[in-house]
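# Working through the structure, step by step
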Amino acid sequence: MSEHNHEHHVSSAGQLWAIGTALLFLTILTVVLAKFVAIPPPFDVVTAISIALVKAFLVAAFFMNLYWDVKFNAMLLLMAASFFILMVVITLLDTMYRNDVIPSF
Amino acid sequence: MANHSTSHPTHVQHHFVDSDQQFDTAKMGMWVFLVNEILFFGGLFCAYIVYRAWYPELFTEAALELNTFWGAVNTVVLIGSSLTVAMAIRSAQKDQIEGLKKNLLITIGLAVVFMVIKGFEYAHKFELGIFPGEYYTYEGLEHAQAAVFFSIYYMLTGVHALHVIIGIGLIYWIYRRASKGEFSSEYYTPVEITGLYWHLVDLIWIFLFPLLYLIE
């Protein structure tokens, strides 16, 4: 192979299957918790989103290889997440403090 | 132009120093596109959050019309397809072109399964008269804003499904190029960045599933 090639990370098949299995397990967990365990709101949503965040981390870090990648790409993802949260917070500062919800909506 | 390209592999374009720089640049470009995708879906998620904060009882009620079982099956299908894409990239990195093609085909198969299930879900709702916006005619839900929930549902899942369809096209294109022997451990950039796109489609669904199907 060419001498230019520094190592691209190659995940082992076992590693990838382990991540896939973990994602499957977390999917089953989130369904069981939502359907068969009465978690009082708002903690049901908090639980479901927390599990989704763990799954998203596994996909981003080990399927999308951010764990081994240059840090700049991970920063891009975190910036996107931050600006999404900013958008939601600013929007809610308006919509949650209206006297009347716009009637037809 | 001076001929200084003798040491360059054929896939490296003139304006890159070497194969690695070209690979990293393409990948960063894809991540910038994915940032745009996240914020694009972000607007829809934002609408979801605003309406759920306004009408929590609507979401509890209307979500009962969604079938958790098929939603969960589709989640597993998409996770499986993310795994096969990751395996496809691994095959390319190890020069196993047959493995690459096989994994791409399984991915396309799983994506089609996802779309078929989604199609049945949509068809069932259309039969009941659950259409978005003003076309909503279903009378099984008391809530005055019932149509709003389904407008959000159709926008989120519809735009996601559009991404799945585009993904099927992209993965088929990668499969065709793999068949022509264009990829090897030296050059698999299109496999890698199409993989990134596909993982993002999976990532979006990871959030859509609990937010739409798992409201109790």
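Definitions and cut-offs
- Residues numbered from 1 in each chain as written.
- Chains lettered and ligands numbered in written order.
- Predicted model: local features only at pLDDT ≥ 70, side-chain atom pairs only at ≥ 80, totals over all residues.
- Heavy atoms only, no water.
- Helix = DSSP H or I, 4+ residues; strand = E, 2+ residues; numbered from the N terminus.
- Contact = heavy atoms within 4.5 Å.
- Areas by Shrake-Rupley, 256 points an atom, 1.4 Å probe, with all protein chains shown as cover.
- Lys, Arg positive; Asp, Glu negative; His and termini not counted.
- Charge placed at Lys NZ, Arg CZ, Asp CG, Glu CD.
- Salt bridge = Lys/Arg side-chain N within 4 Å of Asp/Glu carboxyl O.
- Buried < 20%, exposed > 50% of the residue type's maximum accessible area, 1.4 Å probe, protein only.
- pLDDT = per-residue confidence, 0-100.
- Buried area = accessible area lost by both parts, 1.4 Å probe.
- Polar contact = N/O pair within 3.5 Å; in protein donor to acceptor, adjacent residues only side chain to side chain.
- Expected span 1.5 Å × (residues − 1).

## What to know about the overall build of chain B
Within chain B, the secondary structure is distributed over six helices and zero strands. Put simply, chain B runs from its N terminus to its C terminus through helices and strands in the order α-α-α-α-α-α. Considering only C-alpha atoms, chain B reaches an extent of 75 × 30 × 25 Å along its principal axes. Of all intrachain contacts in chain B linking residues separated by at least 6 positions in sequence, the fraction that spans at least 24 positions is 78%. Carbon and sulfur atoms make up 64% of the accessible area of chain B, which totals about 9,200 Å². Taking the average place of the 11 positive charges on the side chains of chain B and the average place of its 19 negative ones, the gap between the two points comes to 12 Å.

## A short note on the pattern of salt bridges
Using the criterion set out here, one finds six salt bridges over all chains in the structure. As a salt-bridge pair, Arg98 of chain A and Asp94 of chain A come within 2.8 Å of each other at their nearest N and O atoms. Where Lys118 of chain B meets Glu121 of chain B, a salt bridge forms, and the shortest distance between an N and an O atom there is 3.2 Å. Within this pair, Lys118 of chain B and its partner Glu121 of chain B are both found in helix H4 (residues 97–128), separated by three residues, close to a single helical turn. Given a relative accessible area of 6%, Glu121 of chain B falls into the buried group. One salt-bridge network, in which partners are shared between bridges, spans Asp69 of chain A together with Lys27 and Glu192 of chain B.

## Details of the confidence of the model for chain A
Looking at chain A, pLDDT values average 89 and 90% of them are 70 or higher. Low pLDDT, under 50, characterises residues 1–5 of chain A; the predicted model gives this stretch ten contacts beyond four residues in sequence or across chains.

## Some points on the environment of Ala13 of chain A
You can see Ala13 of chain A is positioned in helix H1 (residues 13–36). A relative accessible area of 24% places Ala13 of chain A in the partly exposed class. Excluding residues within four positions of it along the chain, Ala13 of chain A makes contact with Met87 and Arg90 of chain B.

## Some points on the interface of chain A and chain B
Each partner contributes residues to the interface: chain A has 52 residues there, and chain B has 55 residues. Taken together, both faces of the contact between chain A and chain B bury some 4,800 Å²; the carbon and sulfur share is 72%. Applying the counting rule to chain A against chain B returns one salt bridge. Between Lys27 of chain B and Asp69 of chain A there is a salt bridge, with the nearest N and O atoms lying 3.3 Å from each other. Taken together, the links from chain A to chain B amount to eight residue pairs in polar contact (both at pLDDT 80 or more). Counting only elements with at least two residues in the side of chain A that touches chain B, the list comes to H1, helix H2 (43–63) and helix H3 (71–95) of chain A. Among the elements that line the side of chain A that touches chain B, the one with the most residues is H3 of chain A, at twelve residues.

## Structural notes on H1 of chain A
At 3.6 residues per turn, the α-helix brings residues three or four places apart onto the same side. The end-to-end C-alpha distance of H1 of chain A, which contains 24 residues, comes to 34 Å, matching closely the 34 Å that a straight helix rising 1.5 Å per residue would cover. Those residues of H1 of chain A that fall on the buried side of the exposure criterion are Leu16, Ile19, Gly20, Leu23, Leu26, Thr27, Thr30, Val31 and Ala34 of chain A.

## Describing the side chain of Thr30 of chain A
Structurally, the position occupied by Thr30 of chain A is in helix H1. Here Thr30 of chain A is in contact with Ala48 and Ile51 of chain A together with Phe209 and Leu214 of chain B, once residues within four sequence places are set aside.

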